[in-house]
Amino acid sequence: MSILTQEQTKKISDRVMSLSKADECIVNIEGSRIGNIRFARNAVSTAGLADDTRVQVQVAFGKKQGTATINEFDDKSIERAVRRAEDLAKLAPDNPEFIPAIAKTAYKPSDTFVQKTADIDPEYRAQAAAYAIEGCRKRGLVSAGFFTDRTSFETIANSNGLFGHQDSSSLDFTLTVRTEDGRGSGWVKRSARDVTKFDPREAAEIAIEKALRSVDAKALEPGRYTVIMEPAATSDLLSFMLGGFDARRADEGRSFLSKAGGKNRLGDKLFDSQVNIWSDPWDKDVAVLPWDDNMLPRERVELVKDGKINALDYSRFWAQQKNQRAVGAAGNIIMAGTNKTTEELIANTKKGVLVTRTWYIRMVDPQSVLLTGLTRDGTFYVENGKIKHPIKNFRFNESPVSMLNNIEEIGKPAVIGADEARYSMLIPAMKIRDFNFTSLSDAV
């Protein structure tokens, strides 16, 4: 029952509306079927299929709101949920930031569903794991990885006549490969909505090659270096910055886009002119639902244009306060790239460091988005356009704001994350100067 049709969810939402006695009623119905296989030490450890479906009912009497959630769909259960939400609303204090439910809206569908991805079965998952496991066994390496595929739907409706329904599909794969003595480590991540764009053999070979090449790492003195950041490494850092595009946080002095006196940096040039970042729910590679968590229609929004802050995200409440137009919050982030491969970025580098992955990242200063973290699973010294040897991992103290000011070259974008639970991202590899490595780490 996890994947319901539009006809089925329309019937449920209509039933909820007919039972509600509140001033307004909002319904959200979600369901998912998630398959997975996990392996470690060259053997499958777990595999399974989980499904879940829920209905959330939110009602309001004036500015008093109440919410109830159920995972049963018979008439009695639905009625109990409606009455529970109404009882809670009557007990609640007025919400000083209450905004009425949005009017009936037409949503432009986006291509979030691919049938071949939804058809992934246990045999496919096992084969994806087998490519990594067998490849490592043949080379005396040890693999650990996780493959997950997700098919889901979401329905939204309210008492103003609004209704939307859309299916989604996605997959994610991560693989870590270690040498048996623990001296070498490689890693790879792949995400896609369309399974035909995922090659498990290619992914496994990348992690295997990095593990073999990373043995006997040499220590390099900490300092500021030119770095070639692979897309996954870059995205982990940029994701900390993207929340700062919220207009309210900026206006209230809580982000890197804040200015003194309750102002923000809209229109200011903060990054290199090569930097262009936008969100687009209809992008062919990272399509997302055409509405946000508040049912607002999403649009293509240019967040950064030629290095300038071009747009901020206004919630409906904050847009009303500031006399601005509210647009659905971004569900994906896309950064302009080139056709240059990572190998081409390396070939154009006289001296630098290739970073496969960043991890254990923590915020140091929200105002500047200063982060600290570590490299891992394949860090290499580059000299005269070639990888010369593996190096020990570093701790870094760096801000993505500074990174985007120090770009030398931009490479080809890759999909990082294709699930609505987090940003879907299309982020390029980048060559960045003066990246701040502060100390060494003995971990591989």
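This is a predicted model, so every value here is computed, not measured. (Residues numbered from 1 in each chain as written. Predicted model: local features only at pLDDT ≥ 70, side-chain atom pairs only at ≥ 80, totals over all residues. Heavy atoms only, no water.)

Novice: Looking at this model, I keep getting lost on the UniProt feature "domain: Metalloprotease TldD/E central" (unreviewed entry) in the protein. Mind explaining?
Specialist: UniProt records the feature "domain: Metalloprotease TldD/E central" (unreviewed entry) for residues 128-214 in the present numbering. Along residues 128-214, the helical share is 29% and the strand share 49%, with 24 Å between the first and last C-alpha atoms. (UniProt positions renumbered as here; feature names shortened; annotations may be inferred. Helix = DSSP H or I, 4+ residues; strand = E, 2+ residues; numbered from the N terminus.)

Novice: I keep staring at helix H1 (residues 6-19) and nothing clicks. Help me out?
Specialist: For an α-helix, the turn length of 3.6 residues means that residues three or four places apart are oriented alike. Taking 1.5 Å of rise per residue, 14 residues should cover 20 Å, and H1 covers 20 Å from first to last C-alpha, within 8% of that figure. Looking at the packing, one finds that the buried side of H1 touches strand E1 (24-40), strand E2 (43-61), helix H2 (75-91), strand E4 (141-158) and strand E5 (163-179). (Expected span 1.5 Å × (residues − 1). Contact = heavy atoms within 4.5 Å.)

Novice: Hey, could you run me through the side chain of Thr-342 in this one?
Specialist: Looking at the element boundaries, Thr-342 is found in helix H9 (residues 342-347). Beyond its immediate sequence surroundings of up to four residues, Thr-342 is in contact with Ile-228, Glu-230, Leu-354 and Ala-429.

Novice: Even after reading the chapter, I still don't get the sheet that holds strand E6 (residues 185-192), so can you show me in this structure?
Specialist: Within a sheet, neighbouring strands are paired by backbone hydrogen bonds and run either parallel or antiparallel to one another. The 6 strands are arranged E3-E2-E1-E4-E5-E6 in an open sheet whose pairing can be described as antiparallel. Strand pairing shows two members of the sheet lacking a second neighbour, strand E3 (64-70) and E6, which therefore form its edges. The average angle at which neighbouring strand axes cross in this sheet is 15°, direction not considered. Alignment of E2 against E3, held across 7 bridges, turns out to be antiparallel. Within the sheet, the bridge partner assigned to Gln-58 lies in E3 and is Thr-67. The strands touched by H1 are E1, E2, E4 and E5; relative to E1, the strand with the most contacts, the crossing angle is about 140°. Of the strands in this sheet, E4, E5 and E6 are in contact with helix H5 (residues 200-213), which crosses E6 at around 160°. (Pairing = 2+ DSSP bridges. Axes fitted to C-alpha atoms, helices over the stretch in contact; angles between N-to-C directions.)

Novice: How do you make sense of H2 when you look at a structure like this?
Specialist: With 17 residues, H2 should cover 24 Å at 1.5 Å per step; its first-to-last C-alpha distance of 25 Å lies within 8% of that length. For H2, the full list of buried residues reads Ser-77, Ile-78, Ala-81, Val-82, Ala-85, Glu-86 and Ala-89. At its buried positions, H2 is contacted by H1, E2 and E3. (Buried < 20%, exposed > 50% of the residue type's maximum accessible area, 1.4 Å probe, protein only.)

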